[in-house]
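Per-entry structural report
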Amino acid sequence: MKAVLAAFSMCILLSCGTVTQESMLRQSELYASRIAFGWEKLGSFQLRGNARLQGSNLVARGPFVLWGNAEEGLLRGDFYGPDGRPVVSVKGDLTGMLIYMPQDEYASFMPGGLRAGAGIISVIDLLHLLRTGYPLVMEAWQITGSASVSGERIQWIFCVSDTMDRMVLSMESGDIFPFECKWKTGEFTIGASSPHDEYNSWPWIWSTLINDSAVDLELTEINTSVVPWEGIWEMTVPIPVDTLDSVPFWQPELQPDRR
């Protein structure tokens, strides 16, 4: 009898550690509720850290500063080289994303937001991504309802209208944030979370490959009580700006019905 009870207890212990589709879907529900909490209370913020930038004609390593305003969908940032001069400056709002490389005397404007592969991530969605690791602003029930389980991973699939391109966001069992997002020509990965409790944690280490440019970011400071000064969202570009063609926005492939 004791042997039977011992075997039964062992089965219970083993089953508690088993990853099932139900446990993964519960994890997606918890993730969705956590990021909704973090996003809803987010106003203006400032991120500082270190970056490595590499493109077709650019290799630079140095500090960066990013400002964001989640309520108005504003983004402003500067990435500095080892000499302390900006090598890339960015400005985003509801109209799109402006990128200025002063040392190369080149500037481009992407209508709608940041182009990633065949689609666009709007500036408000980009701010949401920086805070939560999820690339679209959606309700918690929509995030949960559009999740699928593949083995020991939760996945969200996004599409662009009239194309076969897909963007796949993946989260592993037990993680606080998704660990990677891939599309045909690029990707980003999240390597660590900030040293906060899970409800106040931010993605802390990023590696990205977007538009043939690789960017590695490691945060050193997150400030959500900072008050932006007048003119912080402006950026002067003293050269002609190359405006890129418009493309559609990424959107969830699975559109959940609220029941």
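Note: the structure precedes this text.
Computed from a prediction, not measured in an experiment: that's the story for all the values here. (Residues numbered from 1 in each chain as written. Predicted model: local features only at pLDDT ≥ 70, side-chain atom pairs only at ≥ 80, totals over all residues. Heavy atoms only, no water.)

1. Some details on the overall build of the protein chain
Where we set the bar: Note on conventions: DSSP H or I runs of at least 4 residues are helices, E runs of at least 2 residues are strands, and numbering of each starts at the N terminus. Buried residues are those whose accessible area, probed at 1.4 Å on protein chains only, stays under 20% of the maximum for their type, while exposed residues exceed 50% and partly exposed ones sit between those limits. Contacts are residue-level and defined by heavy atoms, with any inter-residue pair within 4.5 Å sufficient. Only four residue types enter the tally: Lys and Arg on the positive side, Asp and Glu on the negative side, with His and both chain ends excluded. In this description, the location of a charge corresponds to atom NZ of lysine, CZ of arginine, CG of aspartate or CD of glutamate.
Within the protein chain one finds 4 helices and 17 strands. Its C-alpha atoms put the protein chain at 85 × 40 × 35 Å along the principal axes. Of all 259 residues assigned to the protein chain, the portion counted as buried reaches 45%. In the protein chain, the proportion of contacts linking residues at least 24 apart, taken out of those at least 6 apart, comes to 53%. Side-chain charges in the protein chain split into 18 positive and 31 negative, and the spacing between the mean points of these groups amounts to 6 Å.

2. Quick notes on the packing of helix α2 (residues 21-40) against helix α3 (residues 123-132)
Rules: Under this scheme, a helix contributes an axis fitted over its contacting stretch, all axes are lines through C-alpha atoms, and angles between N-to-C directions fall in the 0 to 180 degree range. Should an angle fall under 35 degrees it is called roughly parallel, over 145 degrees roughly antiparallel, and 65 to 115 degrees roughly perpendicular, with every other angle called oblique. Helix crossings are classified by the rotation of the near helix relative to the far one: an anticlockwise turn of less than a right angle makes the crossing left-handed, while a clockwise turn makes it right-handed.
Two numbers describe how α2 lies on α3: the axes approach to 10 Å, and their chain directions differ by 115°. In terms of axis orientation, α2 runs roughly perpendicular to α3. Crossing of α2 over α3 shows right-handed handedness. Listed contacts from α3 to Tyr 31, Ile 35, Gly 38 and Trp 39 of α2 are Ile 124, Leu 127, His 128, Arg 131 and Thr 132.

3. Quick notes on α3
Along an α-helix, residues three or four apart share an orientation, since each turn contains 3.6 residues. The element α3 is largely enclosed, with a buried count of 9 among its 10 residues. Buried residues of α3: Val 123, Asp 125, Leu 126, Leu 127, His 128, Leu 129, Leu 130, Arg 131 and Thr 132, and no others. Positive backbone phi, at 85°, marks Gly 133, one or two positions downstream of α3.

4. Examining unusual backbone geometry
Even without being a glycine, Glu 105 presents a positive backbone phi close to 55°. Residue placement: Glu 105 occurs in the loop between β5 (96-101) and β6 (106-111). The phi dihedral of Asn 211 falls on the positive side, at around 55°, and the residue is not glycine. Looking at the secondary structure, you find Asn 211 in the loop between β14 (203-210) and β15 (213-223).

5. Comments concerning the environment of Glu 40
With respect to the secondary-structure elements, Glu 40 resides in helix α2. We classify Glu 40 as exposed; its relative accessible area is 66%. Along the chain, Glu 40 and Ala 70 lie 30 residues apart, while their C-alpha atoms are 9.0 Å from each other.

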